[in-house]
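Structural description and commentary
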Amino acid sequence: LLRAIILPNMVVDGIATETARQAAWEAVEPVMYQQGQNIVVAGEGRIRENQIAMLNTLGLLSDNSIDVAMYLGASALAMVILSLMAIALAVFCKPLFSDVKRLLIIYLVIISTLALGLLSKSLELIYLAPLIFPFMLLTVTLGVLPAIIAGSASTLISVLMMVTGTTSANQDMVNLLIMGLVSGSLTGIMLHKKYQRSFILFSGGVASLVSFVIVLAIGLMTSMSIKQTFNKALWAMAGTAINALLCMSVQPVAESLFNLPTPMRLLDLTNPNHPLMRRLLMEAPGTYHHSIIIANLAEASAEAIGANPLLARAGAYFHDIGKL
């Protein structure tokens, strides 16, 4: 009976409802997060849906999805940097670019640098990353120009790989980038035509001071906390010093493994106390003195024509060693 006699006296107006909904939507102030502002603060209660969405958009949540766009962008950027490095080596270092063994050394050093950079990132000690290492090792093994070219490329890729996009991370990116390029280039210039292994430590000490000053100066320019800036500068200083020690330990291995006639290895060979030279002096003194005179002539000739004087001297020392 009621169903028969009771009729609806209110009907939903779809157009009016949608209009009211749109007006309510427009009346809501948008929630804006400024760079450096906390999205979620510990202890503030349950995390809201919009906070989860914001964190997910920034790629800060560890879920099962893969950020394909990020990996594509990173891969494209790395390819551009490596291609530019290859072009620079082909233009400015033609003999090296046609030498597979020396190219292999460059790429092995870059891969090692990136791997150690990932390790420092996982330990949350990014200022210990070996950004200066390629500059130092490649200078003492291949020369200053390929070292600066390859070291700059590895620094760019390493910094982009280790640092993500918060305000603090942006500050770290600037610190690491400038510190790596400036201190690395400085060590390459200082080690150019310096043949003593101990000079690696000296250049590493100078670069450590420069890294400290760079990080401290950038922190003061950006009005960061003095305590935080000083701590980062100390870590940068320690990281650069570790780079020098790493270079000293790896260099002899690289020279022996790839049979490189580096200046430091040639100095070891031309040492008068070399066992073979001592034996030559004792068993064939005439041949020994003849070899010394030939070495002096060969070294002077090599310097005159722009050849490698140390390589000429080493070859002259041992050219008659068969007379033993």
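Look above for the structure.
This structure is a prediction, so every number in the text was calculated from the model and none was measured.

Let's talk about the nonpolar core
Counting residues in hydrophobic clusters, the biggest one holds 31 residues, and the most contacted among them are Met85, Leu89, Ile106 and Leu138. Taken together, the elements giving at least two residues each to this core come down to helix 4 (68-92), helix 6 (100-122), helix 7 (133-141), helix 8 (144-162) and helix 11 (226-258). Of all the elements, helix 6 adds the most residues to this core, at six residues. Counting residues in hydrophobic clusters, the runner-up holds 15 residues, among them Ala129, Leu131, Leu176 and Ile214.

Describing the pattern of salt bridges
In the structure shown here, the tally under the stated rule is six salt bridges. The shortest N-O distance in the salt bridge between Asp99 and Arg102 comes to 2.8 Å. Between Arg313 and Glu299 there is a salt bridge, with its nearest N and O atoms 2.7 Å apart. One end of the pair, Arg313, is in helix 15 (residues 309-318); the other, Glu299, is in helix 14 (residues 285-305), with 14 residues separating them in the sequence.

Let's talk about a nonpolar patch on the surface
Side chains of Leu1, Leu2, Ile5 and Ile6 sit close together on the surface and give an oily, nonpolar patch of about 500 Å² of accessible area. Structurally, Ile5 is set in helix 1 (residues 2-5). Its relative accessible area of 56% is what places Ile5 among the exposed residues.

Comments concerning the packing of helix 7 against helix 11
It is the contact of helix 7 with helix 11, at a shortest axis distance of 9 Å, that shows an interaxial angle of 35°. In the packing of helix 7 onto helix 11, the handedness of the crossing is right-handed. In contact with Phe133, Met136, Leu137, Val140 and Thr141 of helix 7, helix 11 contributes Asn243, Ala244, Leu246, Cys247, Val250 and Gln251. Partitioned by chemical class, the residues of the contact of helix 7 with helix 11 number eight nonpolar, three polar and no charged.

Details of the packing of aromatic side chains
What the rule picks out here adds up to two aromatic pairs. Where Phe212 meets Phe230, the ring centres are 5.6 Å apart and the plane angle is 85°; that geometry is what we call edge-to-face. In this pair, Phe212 sits in helix 10 (residues 198-221) while Phe230 sits in helix 11, placing the two residues 18 residues apart along the sequence. Of the residues examined, Phe212 reaches a relative accessible area of 16% and is grouped as buried.

As for the environment of Ala86
Along the polypeptide, Ala86 turns up in helix 4. For the pair Ala86 and Ala153, spaced 67 residues apart in the sequence, the C-alpha separation amounts to 9.8 Å. Apart from the residues within four sequence positions on either side, Ala86 is in contact with Phe97 and Tyr107.

A short note on helix 14
In an α-helix there are 3.6 residues to a turn, and that puts residues three or four apart on one side. Taking 1.5 Å of rise per residue, the 21 residues of helix 14 would be expected to cover 30 Å, and the 31 Å separating its terminal C-alpha atoms lies within 8% of that figure. Burial in helix 14 covers these residues: Thr287, Tyr288, Ser291, Ala295 and Ala302. In a view along the axis of helix 14, the buried residues occupy a sector of 90°, so they form one face of it. Projecting away from the buried face of helix 14 at angles above 90 degrees are the exposed residues Gly286, Ile293, Leu297 and Ala304. Buried residues belonging to helix 14 abut helix 13 (275-283) and helix 15. Once helix 14 ends, the next one or two residues include Gly306, with phi positive near 80°.

Here we look at the packing of helix 6 against helix 7
Close contact between helix 6 and helix 7 brings their axes to 10 Å; oriented N to C, the two are set at 155°. As judged from the angle between their axes, helix 6 and helix 7 are roughly antiparallel. Both helix 6 and helix 7 take part in a crossing whose hand is right-handed. Residues Ile105, Ile106, Val109 and Thr113 of helix 6 pack against Phe133, Pro134, Leu137 and Leu138 of helix 7. Of the residues in the contact of helix 6 with helix 7, the class split is seven nonpolar, one polar and no charged.

Remarks on unusual backbone geometry
Here Glu124, not a glycine, exhibits a phi torsion of approximately 60°, which is positive. Within the fold, Glu124 resides in the loop between helix 6 and helix 7. Positioned with a positive phi, Asn259 is a non-glycine residue whose angle comes to about 55°. Considering the arrangement of structural elements, one finds Asn259 in the loop between helix 11 and helix 12 (263-269). Relative accessible area serves as the criterion here: at 52%, Asn259 is assigned to the exposed category.

About the cut-offs
- Residues numbered from 1 in each chain as written.
- Predicted model: local features only at pLDDT ≥ 70, side-chain atom pairs only at ≥ 80, totals over all residues.
- Heavy atoms only, no water.
- Core = buried A, V, L, I, M, F, W, Y, C linked by side-chain atoms within 4.5 Å.
- Buried < 20%, exposed > 50% of the residue type's maximum accessible area, 1.4 Å probe, protein only.
- Helix = DSSP H or I, 4+ residues; strand = E, 2+ residues; numbered from the N terminus.
- Salt bridge = Lys/Arg side-chain N within 4 Å of Asp/Glu carboxyl O.
- Patch = residues over 30% accessible without salt bridge, like charges linked within 9 Å, V, L, I, M, F, W, Y side chains within 5 Å.
- Areas by Shrake-Rupley, 256 points an atom, 1.4 Å probe, with all protein chains shown as cover.
- Axes fitted to C-alpha atoms, helices over the stretch in contact; angles between N-to-C directions.
- Left-handed = near helix turned anticlockwise from the far one by under 90°.
- Contact = heavy atoms within 4.5 Å.
- Nonpolar A, V, L, I, M, F, W, Y, C, P; charged D, E, K, R; others polar.
- Phe/Tyr/Trp six-rings, centres within 6.5 Å; stacked < 30°, edge-to-face > 60°.
- Expected span 1.5 Å × (residues − 1).
- Arc of directions from axis to C-beta.
- Parallel < 35°, antiparallel > 145°, perpendicular 65-115°, else oblique.

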